[in-house]
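Understanding the architecture of this molecule
Each chain is listed here by its residues.
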Amino acid sequence: MSSRSASRGPRRTARVLGLASTGLGVAMLRDPKGVARFSGVDDSATALSVIPLVGARELLHAGPLLAGRPGWAWTRVAGDAIDLTAMGVALSSRGGERGRRLRTATAAVAGLAALDLLTAARSRRAGSRSAARELLPSSAPWKSAIDVSAAATVNRPPQEVYARWHDFSRLPEFMAHVREVRPAGIGRWHWVAEAPGRRTVQWDAEVVEESPGERIRWRSLPGADVENAGVVEFRPAPGEQGTEVRVRLAYAQPGGKAGKAVAKLFGEAPDQQVRDDLARFKQILETGQVVRSEGTPEGPLARRMAKQQPAAPRS
Amino acid sequence: MRATQWMGKNHVEVNEVPDPRLLNDRDAIVQITSTAICGSDLHLYDGFIPTMKKGDILGHEFMGEVVEIGKGVSNLRVGDRVVVPFPIACGACNACERGLFSVCENSNPNAGMAEKLWGHSPCGIFGYSHLVGGYPGGQAEYARVPFADVGPLKIEDDLTDEQVLFLSDILPTGYMGAEMCDISPGDVVAVWGAGPVGLFAVASAKMLGAERIVAIDRFGYRLDKAVEAGATDVLNYEEVDVLDALKELTAGRGPDGCIDAAGLEATHPTAAVDAYDRAKTAVMAETERPHALREAIMACRNGGTVSIIGVYGGLMDKFPVGSLMNRSLTVRTGQAHVHRYLKPLYEKIRDGEIDPTFLISHTLPLDRAPEGYRMFRDKEDDCTKVVLKP
């Protein structure tokens, strides 16, 4: 089972920045003199000893960035601040050809710094923004979104797996937070989900796409307590291993108190919760039941994992 | 009921706890007639396996009489005598369909925990931490058996508990260890650890036609048992250099199959090496003391097979991957897929091809489980295997 919450855009930019860091780092370590000449500080002895250090720093964050982790752009932002400060100090005492080269280099660093800052900032909130935009109702007012996905292979044919999910009123059997889903008109369903503090959140949702055996898409209608949307896709697994099920859910997070309530609804591990829901879905289809142990009597459940009961019967 | 509970490191107690109840339609409740302490239970006892909770009921080797069944179980009846496999398997997922029961995709409700540590989750296991499900074990008067329509083997012949009890784990585990070596005529097989699983690996290597079988341990009484099981040679690693001795025995080739039946708490005869891994495990810089595995890799013949059935939990240090890669070795491993071996091994017992009772050294009432754990761990009184009677 797998899940994913960061989206493609910032990951791709992170990789580009990683490549830039690698190039700079290698150049600074292999030829500090050349770099010093290029940026117009070849008259300074300090520069020659500092440049390899800066090179080493670049290689340090190159790795995670190349792996597509946009959050590491923050370390680049910090590095940029140091570099720009040093270059600013150097600029004040240089003129002529050196001064011109240094100005060009400073401008280049400033440009990269802007990209770093943008990437780092996007890694924070909007990592889910662009992905959630495709899913969520365009009317939804939201600052950011909880966007989670998970996948599992279920050893049953796609038509059967689709049919079980399409039986919306039975979704609560495997969706831990959903208390009830009942019909509310043609292609419309009323959802009731549990929220912390014994409260519930409710919404009406419409099915916007249903392709038997392949895909179901739904999204909340205006007036929902929490604007949300979801899509689940079914594909035959290779080698007659059943069906690959991929699910993605997005919940709009308005600013302020309401946003905090949405975050609370999902606790600290929204990904794990979707994975657990999917694990229960797989269990029901393959074994006819949700698998329970004395330590985890509810079946797979993120909050129970952190707070197990002893593996002993209870009276 | 009375049950053996893990109360902390080096501390087990037999206490009164509530009786188990059916939680699912495919459950059965078994009244236990015989259960055993497994070498792998000692890893729990010694505190090597994470995610244990105070009060967890131990034990994954057990058998008994069915006293209650859920309405989804049609192949068992109240009164049936059954042996229960230690892996819990659903019988319907892709892994189960391929016979890989110990990596059942549905039976561990705490799969998310295992995925964090191991990438993917194996099956659920009775009485073996919350990482593999948080299921109560069978060192008790009763146990709930999930997927009772898939796991338990009905015993209908006139065989004693002692003859069939070890089908629950150690006999299939030892057998799979030998089977994974793909033994062909002329093969030499070496087995690290002459505990219960190692002894069954020796006996299985014999059944599968190995030419020579070398047992390696540091306890004379266990090496004697190994000879009884079919070992042609024994090595006491505190007295000889194992690598030299194996080269000598095989005229320089090394054993074709090397079975690690020792696992994560192995010891090393050189004090410095032993201290190195003890220190690293003490500060959690590694979680295993993998001396047997390192040696099995180094000893194995070029192109040979290293078969790991000793239990490992996490991360090891100084793994001789160069030896493994450059010499075309094959590593095969896994928790035993007990379900696949139940019937064939049961028939071998019934036909007298193997008598598993030879390794039982102690039979105690359930209430003396704490004493059993201590004796087994400290190898007191030539302890090889403790059977408990609830």
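Anything mentioned here points back to the structure above.
Residues numbered from 1 in each chain as written. Chains lettered and ligands numbered in written order. Predicted model: local features only at pLDDT ≥ 70, side-chain atom pairs only at ≥ 80, totals over all residues.

**Points about the sheet that holds strand E4 (residues 56-57) of chain B**
All names here are of chain B.
- Taking strand neighbours across the sheet as the criterion, the 3 strands line up as E2-E1-E4 in an open arrangement whose pairing is antiparallel. In the strand order of this sheet, the two ends are held by strand E2 (11-16) and E4, each with one partner.
- Of the strand pairs in this sheet, strand E1 (residues 2-8) and E4 are connected by 2 bridges, and their pairing is antiparallel. Residue Trp6 lies in a different strand from E4, and its bridge partner there is Asp56.
- On the sheet, helix H13 (residues 369-378) packs against E1 and E2 and is oriented at approximately 160° with respect to E2. (Pairing = 2+ DSSP bridges. Helix = DSSP H or I, 4+ residues; strand = E, 2+ residues; numbered from the N terminus. Contact = placed C-beta atoms within 7 Å. Axes fitted to C-alpha atoms, helices over the stretch in contact; angles between N-to-C directions.)

**Points about helix H7 (residues 158-166) of chain A**
- Within the span of H7(A), buried status applies to Pro158(A), Val161(A) and Tyr162(A). Around the axis of H7(A), the buried residues are gathered within 100° of arc, so they sit on the same side. (Buried ≥ 20, exposed ≤ 12 C-beta atoms within 10 Å, placed from the backbone. Arc of directions from axis to C-beta.)

**Overview of the packing of helix H5 (residues 170-179) of chain B against helix H6 (residues 196-207) of chain B**
All names here are of chain B.
- Two elements in contact, H5 and H6, have axes separated by 7 Å at closest approach and are oriented at 55°. Between H5 and H6, the angle falls in the class oblique. Judged by the twist between their axes, the crossing of H5 over H6 is right-handed. Residues Ile170, Leu171, Thr173, Gly174, Tyr175, Gly177 and Ala178 of H5 form the contact with H6, whose participating residues are Pro196, Val197, Phe200, Ala201, Ala203, Ser204 and Ala205. (Parallel < 35°, antiparallel > 145°, perpendicular 65-115°, else oblique. Left-handed = near helix turned anticlockwise from the far one by under 90°.)

**Regarding the sheet that holds strand E13 (residues 233-236) of chain B**
All names here are of chain B.
- One open sheet holds the 6 strands; their spatial order is E13-E12-E11-E14-E15-E16, and the pairing between them is parallel. The open sheet has two free edges, formed respectively by E13 and strand E16 (330-333), since each of these has just one partner strand. Each strand of the sheet is rotated relative to its neighbour by a mean of 20°, with strand direction disregarded.
- Pairing between strand E11 (residues 188-192) and strand E14 (residues 257-260): 4 bridges, direction parallel. Pairing of Val189 across the sheet is with Gly257, part of E14.
- Against the sheet, helix H7 (residues 220-229) engages strand E12 (212-217) and E13, with an angle of about 165° to E13.
- Lying over the sheet, helix H10 (residues 291-299) contacts E11, E14 and strand E15 (305-308), oriented at roughly 180° with respect to E14.

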